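Spelled out, the chains give:
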Amino acid sequence: MDELILWLKYVFLGIVQGFTEPIPISSSGHLIIVQRLLGMEQKGLSFEMFANTASFLAIVFIYRKLISRLFLNGLSYIRTRKPEHRSDFMFIVYVVVGTIPAVVIGLLFEDWIAEVLTNVRTVAISLLVTGGALWLIRNMKGIKREGDLSVKDAFLVGLAQAVAIIPGISRSGATVIASLAVGMKQETALRFSFMLYIPISLGGLVLGFSDLSSDPAISSLIMPYVLAFVATMIMTYISMKWLMDIMEKGNLKYFAYYCFVAGVLLLIFL
C-alpha cells in the first residue's frame, strides 16, 4: 500500500509539472508547494530532470514543424544567403541571444537561489509579482512578427527568462510578458518564448545527468519516475495546446487572477 501511495504521489507531481510548465503560473513554484503538501522531499535534481525532459519532448513535438523549418532554412541561408531564408536564420540568432542571460545568471546564482529562495514564501511573493506583470500586459497586442525582431528585443526577453530562475516566477510567463512588452504579436511572443525554452531545457538536461548518476535512491524510484514522466508528457501537451488557444483569444488576465489568489493564500496559510 505504501508503494502504491508513493506511485500516486509521483503521478500527481507529474501532472502538476506537466500542467504548469507551459502556462504562466510557474511549474517550479507549484512543485515546491505540492511537495510540501504531500510531505515529500526531493534531494538533488534527478526528479526535476526527468520531469523537464518529459515537458521538453512534448513541446518539441508540438513545435516540430517550426523547429524543422528553422533548422533547414537556417542552414540554407548560411550556405546560399537566399533572402527568403534570412528571417528564419535571424530568428535562430535571436534565440541564441535570448538564451545568454539565463545561462550566465544560472551559472552564477543557481546554487544560491536553490539554497536561499526555494521556499513557499518566495513562491508566494513571486506569484504576486507574476500576476501583476500579467495584468499590466493583459491587453497588449503588438505588431512585430519574426522578421521584425531585433537583437535588443531578444536580449530583453532573455533577461526576463533569467529572472525566472527565482522559484515562483514563471519562465513562460516572464518571456511572454517581455515579448509582448517589446511589441511582438501574441503568436510570435508564444513561439519565441518556447523556442527559448528548448536550449535552456537541453542545457538543464546535460547538467542534470550528474545528479541522476549520483542519486543513491534512483534504483528504488525508477517506476515512480517513469510514471511521473508519462504523466508530465501528456499533461504538458494538453496544457500547451490550451495555452495556444488562450493566447489566440487574448485571455492572459485569467492567469493574473490565479496568481493573485494563489499568492495571497500561500502567504496566509503556508
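Keep in mind it's a predicted model, so treat the numbers as computed, not measured.

Definitions and limits used
Residues numbered from 1 in each chain as written. Predicted model: local features only at pLDDT ≥ 70, side-chain atom pairs only at ≥ 80, totals over all residues. Heavy atoms only, no water. Phe/Tyr/Trp six-rings, centres within 6.5 Å; stacked < 30°, edge-to-face > 60°. Helix = DSSP H or I, 4+ residues; strand = E, 2+ residues; numbered from the N terminus. Lys NZ or Arg CZ within 6 Å of the ring centre and 35° of its normal. Patch = residues over 30% accessible without salt bridge, like charges linked within 9 Å, V, L, I, M, F, W, Y side chains within 5 Å. Areas by Shrake-Rupley, 256 points an atom, 1.4 Å probe, with all protein chains shown as cover. Salt bridge = Lys/Arg side-chain N within 4 Å of Asp/Glu carboxyl O. Buried < 20%, exposed > 50% of the residue type's maximum accessible area, 1.4 Å probe, protein only. 1 Å grid on protein atoms, 1.4 Å probe; cavity = no way out; pocket = protein on both sides within 12 Å on 5 of 7 lines; lining within 4 Å. Points joined across faces, edges and corners; volume = space filled by probe spheres on them. Nonpolar A, V, L, I, M, F, W, Y, C, P; charged D, E, K, R; others polar. Expected span 1.5 Å × (residues − 1). Arc of directions from axis to C-beta.

**Structural notes on the packing of aromatic side chains**
In step 1: Considering all chains together, one arrives at 11 aromatic pairs under this definition.
In step 2: An angle of 40° between the planes, with centres 5.8 Å apart, marks the rings of W135 and Y257 as tilted. Placement of W135 in helix α6 (residues 120-136) and of Y257 in helix α11 (residues 253-269) is noted, with a sequence separation of 122 residues between them.
In step 3: One aromatic cluster is present, built from ring pairs that chain together Y10, F50 and Y225.
In step 4: Between R64 and the ring centre of F61, over which it is positioned, the NZ or CZ distance is 4.1 Å.
In step 5: Lying across the ring of W135, R138 places its NZ or CZ 3.7 Å from the centre.

**Re a nonpolar patch on the surface**
In step 1: Together, L37, W135, L136, Y254, Y257, F260, V261, V264, L265, I268, F269 and L270 give the surface a local cluster of nonpolar side chains, amounting to about 1,200 Å² of exposed area.
In step 2: For the nonpolar patch, the elements supplying multiple residues, two or more each, are α6 and α11.
In step 3: With 8 residues, α11 is the single largest residue contributor to the nonpolar patch.
In step 4: The class for W135 is partly exposed, based on a relative accessible area of 32%.

**Focus: the layout of surface pockets**
In step 1: Space inside the second largest pocket adds up to approximately 320 Å³.
In step 2: Mapped by element, the contributors of at least two residues to the lining of the second largest pocket are α4 (64-80), α5 (86-116) and α9 (186-214).
In step 3: Residues of the lining of the second largest pocket, tallied by class, amount to 13 nonpolar, 2 polar and no charged.

**Observations concerning the pattern of salt bridges**
Pairing is possible between side chains of opposite charge, provided their charged atoms come close.
In step 1: Enumeration according to the criterion identifies 4 salt bridges in this entry.
In step 2: In this structure, the salt-bridge partner of D153 is K144, at a minimum N-O distance of 2.9 Å.
In step 3: Residue classification places K144 among the partly exposed positions, given a relative accessible area of 23%.

**Section: helix α7 (residues 151-163)**
In step 1: With 13 residues, α7 ought to run about 18 Å at 1.5 Å a step, and its terminal C-alpha atoms sit 19 Å apart, in line with that.
In step 2: Residues of α7 that are buried: D153, A154, V157, G158, A160, Q161 and A162.

**Regarding α4**
In step 1: The end-to-end C-alpha distance of α4, which contains 17 residues, comes to 24 Å, matching closely the 24 Å that a straight helix rising 1.5 Å per residue would cover.
In step 2: Listed in full, the buried residues belonging to α4 are L66, L70, N73, G74, S76 and Y77. Taken end-on, α4 shows its buried residues confined to a sector of 165°, consistent with a single buried face. Pointing more than 90 degrees away from the buried face of α4 are the exposed residues F71, L72 and R79.
In step 3: Of the residues flanking the end of α4, it is R81, one or two places downstream, whose phi is positive at about 55°.

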